[in-house]
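For reference, the chains in residue letters:
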Amino acid sequence: MDPHLLRTFVTVARLGSFSAAAEELGYTQSAISQQVAALEADLGLPLLGRRPVAPTEAGERLLEHAEPLLLRISAARADVRRTAATPAHRLTLATTPLALTARLAVRLARALEEQPRLRVSVGTAGLPDVATRVAAGEAEVGLADGVTAPSDPLRLPEVGPLVAIGVAEEDLVVALPADHPLAGRSGLRLHDLVDAGWLQTALCPVERLRDLMGEGFRVTMDYSGQDVQTVLNLVAAGIGLTLLPASLAPGVPLVAPRLVHRVEVLHATLPPGPASQLVTALTA
């Protein structure tokens, strides 16, 4: 399958419109239609319904494969280009909201002092986006965080070859309202909280808790943002519980199972230069 045709198909399916896809990709609408038709001819199956524009059953199946394939192609292109790239002094650091801890911020400051020409732009995103940006060459270095067992690596999406280096682990607390019946406990077990209401956040996905404990952990609200203060306000209002690093918020220590907040530095293959020196500084 031609990757260009595949990208066109994915764009049309995502936008639900041939004209919108044409505008985004810089083609005419007729060219977009021809590319989708060529892909359908190659596979011998209709992939998109036209009224409304929506994937057929075969199209849905292709989408499951297409986006990872396109991402790996982008990662391969970026990896090859890095081998011949001129060392850059303007770098992008992609980080999940809780990954840039106070200690790592100090290491970043030290790197800037040691490399006076270095300029670093920092942007936050969810873990899948951080890994994707690093693999695709949109960010030279990434910081990712999540809930794991001690010394266990984070579960990274399959976006291409990445090096992941653990740089921090911290105990977790259960964040709950000050007047919650369990707020005075010296410690809590997840087993005690299976029937409680939880916030569904990128900082602490409920699915991760269910992986550990099975069913339960009723979701009381979905929060799709990345702002920690908003999460704390929702907790304080009694809308739901969540887990947070002990240094970030008051709460009751989580004592079982033994879990930690883990931070990893992510990077692809890097030639000697400012980017590799930044990685060294962050992992020192």
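Participant: Is there a simple way to explain the overall build of the chain in this structure?
Facilitator: Counting its secondary structure elements, the chain contains nine helices and 12 strands. Projecting the C-alpha coordinates of the chain onto the three principal axes gives extents of approximately 65 × 50 × 30 Å. In the chain, buried positions account for 43% of the 284 residues. Counting only contacts in the chain whose residues sit at least 6 apart along the sequence, the fraction spanning at least 24 positions is 72%. Per element, the accessible surface of the chain, about 14500 Å² overall, is 53% carbon and sulfur. Looking at charge distribution, the chain has the averaged site of its 24 positive side-chain charges lying 5 Å from that of its 30 negative ones.

Participant: Sorry if this is basic, but what is going on with the packing of aromatic side chains here?
Facilitator: Geometrically, a pair of aromatic rings is defined through the distance of the ring centres and the angle of the planes. Taken as a whole and judged by the stated rule, the model has one aromatic pair. Seen in terms of ring centroids, tryptophan 198 and phenylalanine 217 are 5.6 Å apart; in terms of plane orientation they differ by 70°. Their pairing is edge-to-face. Taken together, the residues span a long stretch of sequence, with tryptophan 198 in strand S8 (residues 197-201) and phenylalanine 217 in the loop between helix H7 (206-213) and strand S9 (218-223) at a distance of 19 residues. Taken as a pair, tryptophan 198 and phenylalanine 217 share a single burial class, namely buried.

Participant: Mind showing me how you'd approach the side chain of threonine 8 here?
Facilitator: Considering the arrangement of structural elements, one finds threonine 8 in helix H1 (residues 3-15). Those residues in contact with threonine 8 that sit more than four places away from it in its chain are Leu25, Ile32, Gln35 and Val36.

Participant: Hey, could you run me through helix H6 (residues 127-135) in this one?
Facilitator: Helical periodicity: at 3.6 residues per turn, an α-helix aligns residues three or four positions apart in one direction. All of the buried residues along H6 are Leu127, Val130, Ala131, Val134 and Ala135. Along the axis of H6, the buried residues cluster in a sector spanning 130°; they form a single face. Downstream of H6 by a residue or two, glycine 137 has a phi angle that is positive, lying close to 85°.

Participant: Where do I start with the packing of H1 against helix H2 (residues 18-25) in this structure?
Facilitator: Axis angle and axis distance: for two packed helices, these are the angle between their axes and the distance between the axes, and together they describe the pair. Interhelical geometry of H1 versus H2 gives an angle of 125° and a closest axis separation of 8 Å. The pairing of H1 with H2 is recorded here as oblique in orientation. The handedness of the crossing between H1 and H2 comes out as right-handed. Contacts between H1 and H2 involve Thr8, Thr11, Val12, Arg14 and Leu15 on the former and, on the latter, Phe18, Ala20, Ala21, Glu24 and Leu25. Of the residues assigned to the contact of H1 with H2, the class counts are six nonpolar, two polar and two charged.

What counts as what
Numbers given for residues are sequential positions, taken from 1 along each chain in its written order. Local features are withheld for residues below a pLDDT of 70 in this predicted model, meaning they are given only at 70 or higher, and side-chain atom pairs are given and counted only at 80 or more; totals for whole chains, interfaces and linings count all residues. Computation of side-chain values covers all heavy atoms of the structure but excludes hydrogens and water. Comment: elements are numbered from the N terminus, with helices defined as DSSP H or I runs of at least four residues and strands as E runs of at least two. Burial status follows relative accessibility: with a 1.4 Å probe on protein chains alone, a residue under 20% of its type maximum counts as buried, one over 50% as exposed, and anything between as partly exposed. Whether two residues are in contact is decided by their heavy atoms: any pair within 4.5 Å suffices. Throughout, the Shrake-Rupley method with a 1.4 Å probe supplies accessible areas, and for residues the shown protein chains are the sole cover considered. By the counting scheme adopted, Arg and Lys are positive, Glu and Asp are negative, and His together with the chain ends is not counted. By convention, the charge on Lys lies at NZ, on Arg at CZ, on Asp at CG and on Glu at CD. Any Phe, Tyr or Trp ring, taking Trp's six-membered ring, that has another such ring centre within 6.5 Å forms a pair; planes under 30 degrees apart are called stacked, those over 60 apart edge-to-face, and the others tilted. By definition, the arc is the one covered by directions from the helix axis to the C-beta atoms. To get an axis, a line is fitted to the C-alpha atoms, and for a helix only the part in contact is used. The angle between two axes follows their N-to-C directions and goes from 0 to 180 degrees. Under this scheme an angle from 65 to 115 degrees is roughly perpendicular, one under 35 degrees roughly parallel, and one over 145 degrees roughly antiparallel; angles in between are oblique. In this scheme, a crossing is called left-handed if the near helix is turned counterclockwise away from the far one by less than a right angle; it is called right-handed if the turn is clockwise. Side-chain classes follow a simple rule in which Ala, Val, Leu, Ile, Met, Phe, Trp, Tyr, Cys and Pro form the nonpolar group, Asp, Glu, Lys and Arg form the charged group, and the remainder, Gly included, forms the polar group.

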